[in-house]
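Coordinate analysis (summary)
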Amino acid sequence: SGEAGNQSIIAKIAKNKVKSERKATITFKAGTATPQTVTITQEAAPPDEIEIKETSFQVGTEGKEIEISFTTNAAWMIASNQSWCTLSNSVGEEGTYTLTVTVDKNTSYEDRTATITLKAGEVQETITISQERKYQLKVTYEDTLIDYAGANVTVKVQCNTKYEMSFQADWLRQVKSR
């Protein structure tokens, strides 16, 4: 409402968070004059977006903290599918963020992968964390005194990666591998 005379009316329009255009009318009435309306049309919110700098990370056996930076125009949530890969935050509003992902030390003898899913509105991005396994090398040989005439001995090697061996005596050499 207002007093008689010339006035400017300021209407504050909230951000449109829905994906469709919207319209509202303001109706003015004064005494016996014919009511007049003003129609305000607001465009639809843009499609949900996530802009993320990097979506794939390689981590060594010892683990580490990784920073994931992203920008989104919608409320978001993020989750890891592995307990050894934890996030500093799990939800937020639109904006620019840098989250810390803590990757624990890998004590197993297998490589492992975690999938982190970032969802903002109707869109989602997948971030992959790959971590190296703990390396294992086990060499088994029963100490025995070898006859002066020489002999073949068997040394058993168990390893979950490529290995190298070297001989430090010219009277010893590899015959074959099984």
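Residues numbered from 1 in each chain as written. Predicted model: local features only at pLDDT ≥ 70, side-chain atom pairs only at ≥ 80, totals over all residues. Heavy atoms only, no water.

**A closer look at the nonpolar core**
Ile68, Cys85, Val103, Ile116, Ile127 and Ile129 are the most contacted members of the largest nonpolar core, which has 21 residues in total. Counting residues per element, this core draws most heavily on strand β10 (residues 112–120), which supplies four residues. Residue contacts for Ile68: discarding those within four places in its chain leaves Ile52, Phe57, Tyr97, Thr98, Leu99, Val101, Ile116 and Ile127. (Core = buried A, V, L, I, M, F, W, Y, C linked by side-chain atoms within 4.5 Å. Buried < 20%, exposed > 50% of the residue type's maximum accessible area, 1.4 Å probe, protein only. Helix = DSSP H or I, 4+ residues; strand = E, 2+ residues; numbered from the N terminus. Contact = heavy atoms within 4.5 Å.)

**Some thoughts on the pattern of salt bridges**
In total, this model carries four salt bridges according to the counting rule given. Among the ionic pairs, Lys19 bridges to Asp48, the shortest N-O distance being 2.8 Å. Taken as a pair, Lys19 in the segment before β1 (22–28) and Asp48 in the loop between β2 (36–42) and β3 (50–52) lie far apart in primary sequence, 29 residues in all. Assessed through its relative accessible area of 12%, Asp48 is described here as buried. With a closest N to O distance of 3.0 Å, Asp111 and Arg133 form a salt bridge. With a gap of 22 residues between them, Asp111 in the loop between β9 (95–103) and β10 and Arg133 in the loop between β11 (123–131) and β12 (137–140) connect regions that are remote in the sequence. On the basis of relative accessibility, which here comes to 47%, the residue Asp111 falls in the partly exposed class. For Arg133, a relative accessible area of 17% gives the class buried. (Salt bridge = Lys/Arg side-chain N within 4 Å of Asp/Glu carboxyl O.)

**Observations regarding the layout of surface pockets**
Estimates place the volume of the largest pocket at around 1200 Å³. If you trace the largest pocket, you find 27 residues lining it, with Val153, Thr154, Val155, Arg173 and Gln174 closest to the centre. Listed by contribution, the elements that provide at least two residues to the lining of the largest pocket are β12 and β13 (156–159). Within the lining of the largest pocket, the residues separate by chemical class into 15 nonpolar, seven polar and five charged. (1 Å grid on protein atoms, 1.4 Å probe; cavity = no way out; pocket = protein on both sides within 12 Å on 5 of 7 lines; lining within 4 Å. Points joined across faces, edges and corners; volume = space filled by probe spheres on them. Nonpolar A, V, L, I, M, F, W, Y, C, P; charged D, E, K, R; others polar.)

**Focus: the sheet that holds strand β5 (residues 64–72)**
Picture the strands of a sheet paired through backbone hydrogen bonds; they go either parallel or antiparallel. Overall, antiparallel pairing links the four strands, which are arranged β3-β5-β9-β7 in an open sheet. Two strands in the sheet have a free side with no partner beyond their single neighbour: β3 and β7 (85–87). Direction aside, the axes of adjacent strands within the sheet are offset by 30 degrees on average. Bridging between β5 and β9 involves nine bridges; their strand directions are antiparallel. Looking at β9, one finds that Lys64 is bridged to Val103. (Pairing = 2+ DSSP bridges. Axes fitted to C-alpha atoms, helices over the stretch in contact; angles between N-to-C directions.)

**Structural notes on the environment of Ile52**
Mapped onto the elements, Ile52 comes out in strand β3. Separated by 16 residues in sequence, Ile52 and Ile68 place their C-alpha atoms 7.8 Å apart. Contacts of Ile52, omitting those with residues within four sequence positions, involve Ile68, Ser69, Phe70, Leu118, Glu125 and Ile127.

**Notes on the side chain of Asn106**
Within the fold, Asn106 resides in the loop between β9 and β10. If we skip the residues at most four places from it in the chain, Asn106 touches Thr61, Arg112, Gln131, Glu132, Arg133 and Lys134.

**Structural notes on the packing of aromatic side chains**
Each aromatic ring pair is specified by the distance between its two centres and by the angle formed by the two planes. Under the defined criterion, the tally for this structure stands at three aromatic pairs. Plain terms: the ring middles of Trp76 and Tyr97 are 4.9 Å apart, the flat faces sit at 70 degrees to each other, and that makes the pair edge-to-face. On the criterion of sequence distance, the pair formed by Trp76 in strand β6 (residues 76–80) and Tyr97 in strand β9 is long-range, its members being 21 residues apart. Looking at Tyr97, the relative accessible area reads 23%, which means it is partly exposed. Clustering of aromatic rings is evident, with ring pairs tying together Phe70, Trp76 and Tyr97. (Phe/Tyr/Trp six-rings, centres within 6.5 Å; stacked < 30°, edge-to-face > 60°.)

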